[in-house]
Amino acid sequence: MNWIEPNSIDVTPIQHLNEQGVLTGKTVINDEEKLDIYKWMVKARRFDELAVKFQRQGKIGTYAPLTGQEAAQVGSAFALEEKDWIFPSYREAAACFVRGTKPSSFFKYAMGHLHGGILKEEGVFPVQIIIGAQALHAAGSAWADQYKNNDAVSVAYIGDGATSQGDFHEAMNFASVFQLPVVYFVQNNQWAISVPYHKQTRSLSIAQKALAYGMTGVQVDGNDAVGVYETMKEARSLAKDGKPVLIEALTHRMGPHTTSDDPSKYRSKEGDEAWGKKDPIARYRKWLEGLQLWSEEEEQDLNASIEDELKQAFNEATETTTTSLGDALGYVYEKPTNRLREQILEWKGSGESK
Ligand SMILES: Cc1ncc(C[n+]2csc(CCOP(=O)(O)OP(=O)(O)O)c2C)c(N)n1
């Protein structure tokens, strides 16, 4: 019998920059881009630290930290073209920044301002909270681009937990049947809140799930910005020609799921320490220093300018006037439906608008 044995597929992660900061694979990234990638990663981490601090001080609402996932997000977003679309979840501030979203927008989002959610103008769709839903949105956007003969690619950022949702499987199937220009970029950070990877799936990898859908799949070391960049570049080019791709980036969220949970309740100290040695920023910095492209002095200047920029961004968010229910209702459709128009009129009549 020609049984297909479970997990008989050998999936080995791609890695270009190892944990010691040594380049073991090839790269097309030039020196200027090497520095840009590093600066985006550092900015994302500083933003993260500040956002957590602000949440603890009651200045912003719940926040989902990304520390540990900078290489996966920056490396992948950096490989895209301006015309491409990204469909992020709540943890993708770094990818959004690379695409042009301002840190002030993310602060506004965490403060509950409607303006924080309107990110579409940079090719970034509004942050998705419903797990896995953005996989379908990306399929729809890719289908539209295919129909219009646009050269753009849509990229859905999803987590390992999202691969347990029906939306993910429906999207993969649809994307493959219609050969859509879409990339599914899964950041396997090992946890869906407190549920570990092995309770999400019996598959040894998420990458191998591509096979069942007739799609191309690949696994990459998600803490290696160079490997992620090269993988996304290739995936983009395949997707553009109607070959959708599933990428699994192996990474680790170093902090809590959000500012309202405590990972020490479900994660071991030893595991966290082992992942700490794979820090995406530390290894990248070592590589740049080895190439004589970076120094301690430049590091300090960078941190000072980021601090200024983020403080200004926070002030801008604080000074933004709050949004009303009417603004929210008016934003649902370009032309409101009759029911929505009734609700807007009702809201105006309630006197709440004054
Ligand atoms: C459809 C749906 N079900 C449940 C939730 C509650 N929820 C919020 S985050 C989360 C875990 C998501 O894990 P993962 O997809 O791995 O992404 P990560 O948070 O690790 O980035 C869950 C179940 C939700 N937001 N949406």
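From a predicted model like this one, the values you see are computed outputs, not experimental measurements.

Colleague: Can you walk me through the overall build of the protein chain in this structure?
Modeller: A count of helical and extended segments in the protein chain gives 13 helices and 7 strands. Relative to the compact-globule value of 20 Å for 354 residues, the protein chain shows a C-alpha radius of gyration of 21 Å, a close match. Its C-alpha atoms give the protein chain principal-axis dimensions of about 65 × 60 × 45 Å. For the protein chain, buried positions account for 51% of its 354 residues. Partitioning the intrachain contacts of the protein chain with sequence separation of at least 6 by distance along the chain shows that 75% fall at a separation of at least 24. Counting only carbon and sulfur atoms, one obtains 52% of the accessible surface of the protein chain, whose full area is about 17400 Å².

Colleague: Explain helix 1 (residues 31-56) here, please?
Modeller: Given 3.6 residues per helical turn, the α-helix brings residues three or four places apart onto the same face. Between its terminal C-alpha atoms helix 1 stretches 38 Å, which fits the 38 Å expected from 26 residues at 1.5 Å a residue. Where helix 1 begins, one side-chain oxygen reaches toward the backbone nitrogen of Glu32, 3.1 Å away; that side chain belongs to Asn30. In the segment just after helix 1, Gly58 is the residue with positive phi, at about 80°.

Colleague: Can you help me understand the site of the ligand in this one?
Modeller: Close contacts around the ligand come from 15 residues, with Tyr90, Arg91, Ile129, Gly161 and Ala162 the closest. Tyr90 places a side-chain nitrogen or oxygen 2.7 Å from an oxygen atom of the ligand. Separating an oxygen atom of the ligand from a side-chain N or O atom of Asp160 is a distance of 3.2 Å. Considered on its own, the ligand offers 580 Å² of accessible surface; in the complex 70% of this is hidden by protein. Residues of the shell around the ligand, tallied by class, amount to 8 nonpolar, 5 polar and 2 charged.

Colleague: Explanation requested: the packing of aromatic side chains in the structure shown.
Modeller: Aromatic rings considered in pairs are described by the distance between their centres and by the relative angle of their planes. Counted under the stated rule, the structure contains 20 aromatic pairs. Here Tyr284 and Trp287 contribute two aromatic rings whose centre-to-centre distance is 5.3 Å and whose plane-to-plane angle is 85°, an arrangement assigned as edge-to-face. Note that Tyr284 and Trp287 are positioned in helix 10 (residues 280-290) at a spacing of 3 residues, about one turn of the helix. By relative accessible area, Trp287 is classed as buried at 6%. Linked through ring pairs, Phe47, Phe54, Tyr63, Phe97, Phe106, Phe107, Tyr109 and Phe314 together constitute an aromatic cluster. Lys278 extends its terminal NZ or CZ atom over the ring of Trp275, reaching a point 5.0 Å from the ring centre.

Procedures and definitions
Residues numbered from 1 in each chain as written. Predicted model: local features only at pLDDT ≥ 70, side-chain atom pairs only at ≥ 80, totals over all residues. Heavy atoms only, no water. Helix = DSSP H or I, 4+ residues; strand = E, 2+ residues; numbered from the N terminus. Rg over C-alpha atoms; globule rule 2.2 N^0.38 Å. Buried < 20%, exposed > 50% of the residue type's maximum accessible area, 1.4 Å probe, protein only. Contact = heavy atoms within 4.5 Å. Areas by Shrake-Rupley, 256 points an atom, 1.4 Å probe, with all protein chains shown as cover. Expected span 1.5 Å × (residues − 1). Polar contact = N/O pair within 3.5 Å; in protein donor to acceptor, adjacent residues only side chain to side chain. Near = heavy atom within 4 Å. Nonpolar A, V, L, I, M, F, W, Y, C, P; charged D, E, K, R; others polar. Phe/Tyr/Trp six-rings, centres within 6.5 Å; stacked < 30°, edge-to-face > 60°. Lys NZ or Arg CZ within 6 Å of the ring centre and 35° of its normal.

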